[in-house]
Amino acid sequence: MSKESQDLQRFENMVLPHLTSCYNLAHWIMGNPQDAEDMVQEAALRAYQYFAGFQGGNTRAWLLTIVRNTCYTALRQQRGQGVFVELDEELAEGERPSSSPELSLQQRADHRMVRRALENLPTEYRELIVLRELEGLSYKEIAGVAGIPLGTVMSRLARARQQLRACLVHLSAEEYPHGL
Amino acid sequence: MDCERALALLPAYLDGELDLVTALELEAHLGTCDACAREYAAQRDLQGLLAGQRAELVAAPPPALEQRLRARLRQSAGLRPAPQPFFRPWGAAAAVLLVVALFALGVFLLSRGAYPGQESVVAQEVEVAHVRSLLPGHLTDVVSSDQHTVKPWFDGKLDFSPPVLDLSAQGFPLAGGRLEYIDGHPAAALVYLRNKHVINLLVWPSTASPGPLQLSSVNGYHLFQWRQGAMEFWAASDLETAELRAFVELIQQGAK
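Q: Can you break down the packing of helix 2 (residues 19-30) of chain A against helix 7 (residues 123-134) of chain A residue by residue, with the values?
A: Residues and elements named next belong to chain A. Direction vectors running N to C along helix 2 and helix 7 enclose 155°, while the axes themselves pass 9 Å from each other. What the angle tells us is that helix 2 and helix 7 run roughly antiparallel. Between helix 2 and helix 7 the crossing geometry is right-handed. For the pair helix 2 and helix 7, the contacting residues are Asn24, Leu25, Trp28 and Ile29 in the first and Thr123, Arg126, Glu127, Val130, Leu131 and Leu134 in the second. Looking at the contact of helix 2 with helix 7 residue by residue, the class counts come to six nonpolar, two polar and two charged.

Structural data, given as structure tokens:
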């Protein structure tokens, strides 16, 4: 087996187990399966190019970082620079949704509703929810993948969850206007 | 611990990201504060929902993605496609017989002069160059859609001046150029785009007589080759043949 062939084999063995995670993240950032696949392909080629410099360690986080950056580059090209609205990170008074005990989301929200609510989030918020809730990354890993400080991970994730909850409360109120 | 701090810590607490001491302080606060306890319950409700829905929310890749990815990686590494599992159900003996039969066929064809010879080797090189160019950062050495920028860029880098045409009006905008080395020749690569597809037009001087248009296919990429005006031309793309041919005809017209 030639060296190139060996390198490729090593790369595939390390990378292919994380294909689902990569596709999942790409899908939720790009919003459609075709773009998700294109991004995964491009990210994988890039990862292969960078592979020689990869010291080992957290392969999944390394790959997800490349996937994430590939996606955001593509989004900027697709939509132009002006589209990324500055996230209002400040926690405004009175914005937290009411925590009335009757509104149990687990009872009222199905996956279609959650999907809709997730799709409605700004990309940067949705990305954090995906990395934390779906991929189970630690805050430190998320900070690495998203390229933000740990403190920002915490505050942004908190905001993302608040928005998600508010949206789900709203959607489930539409479904169950008279209560469950 | 006051409410403001408690509320700020709730998400990290739910994610198990708090150190033990802080977590215990928070729990103590939740034990005494109804407002924060309610907020905690609401956040835990959302966590529970997302955890329960996780399987439905995770986007599953299409089954063919892995295969396509492997093939693409193999191409970019300059390797031939992986051997197909085709042989396995046949057994080793059958495989050996097939190889011997193919060898015999090959010898027979060689004696009949049926092999394309040097041409197919160049086609392989062109395809590899095309695929390598698709790697990020490898597409162009000079980025410009203006022929008046790209054409002079080659001066001093090549000892010939390639024809650089502006086909943007016909839907094939120029993306730029780069240097290539094909079949022992320094060559110009002119990069054109068609929708999201890349076309590499490779050009180098040739003393061979003008030849007709030849179409070949390597690893799914379409390659058109011809000679014109003391130059050898190769156009490579994953575009379908008809569209690539339209591009080729425009080049042929413009390069006269």
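Q: Describe the interface of chain A and chain B, naming the residues involved and giving the relevant values.
A: Chain A puts 48 residues into the contact, and the matching count from chain B is 40 residues. Regarding the contact of chain A and chain B, the summed buried area is about 4300 Å², with carbon and sulfur atoms giving 62% of it. On the chain A side of the interface with chain B, the three residues burying the most area are Gln41, Leu45 and Leu134 of chain A, jointly 14% of the side's total. For the pair chain A and chain B, the number of links is six salt bridges. Glu12 of chain A is the partner of Arg74 of chain B in a salt bridge, and the nearest nitrogen-oxygen pair spans 3.5 Å. There are 16 residue pairs in polar contact (both at pLDDT 80 or more) connecting chain A and chain B.

What counts and how
Residues numbered from 1 in each chain as written. Chains lettered and ligands numbered in written order. Predicted model: local features only at pLDDT ≥ 70, side-chain atom pairs only at ≥ 80, totals over all residues. Heavy atoms only, no water. Axes fitted to C-alpha atoms, helices over the stretch in contact; angles between N-to-C directions. Helix = DSSP H or I, 4+ residues; strand = E, 2+ residues; numbered from the N terminus. Parallel < 35°, antiparallel > 145°, perpendicular 65-115°, else oblique. Left-handed = near helix turned anticlockwise from the far one by under 90°. Contact = heavy atoms within 4.5 Å. Nonpolar A, V, L, I, M, F, W, Y, C, P; charged D, E, K, R; others polar. Buried area = accessible area lost by both parts, 1.4 Å probe. Salt bridge = Lys/Arg side-chain N within 4 Å of Asp/Glu carboxyl O. Polar contact = N/O pair within 3.5 Å; in protein donor to acceptor, adjacent residues only side chain to side chain.

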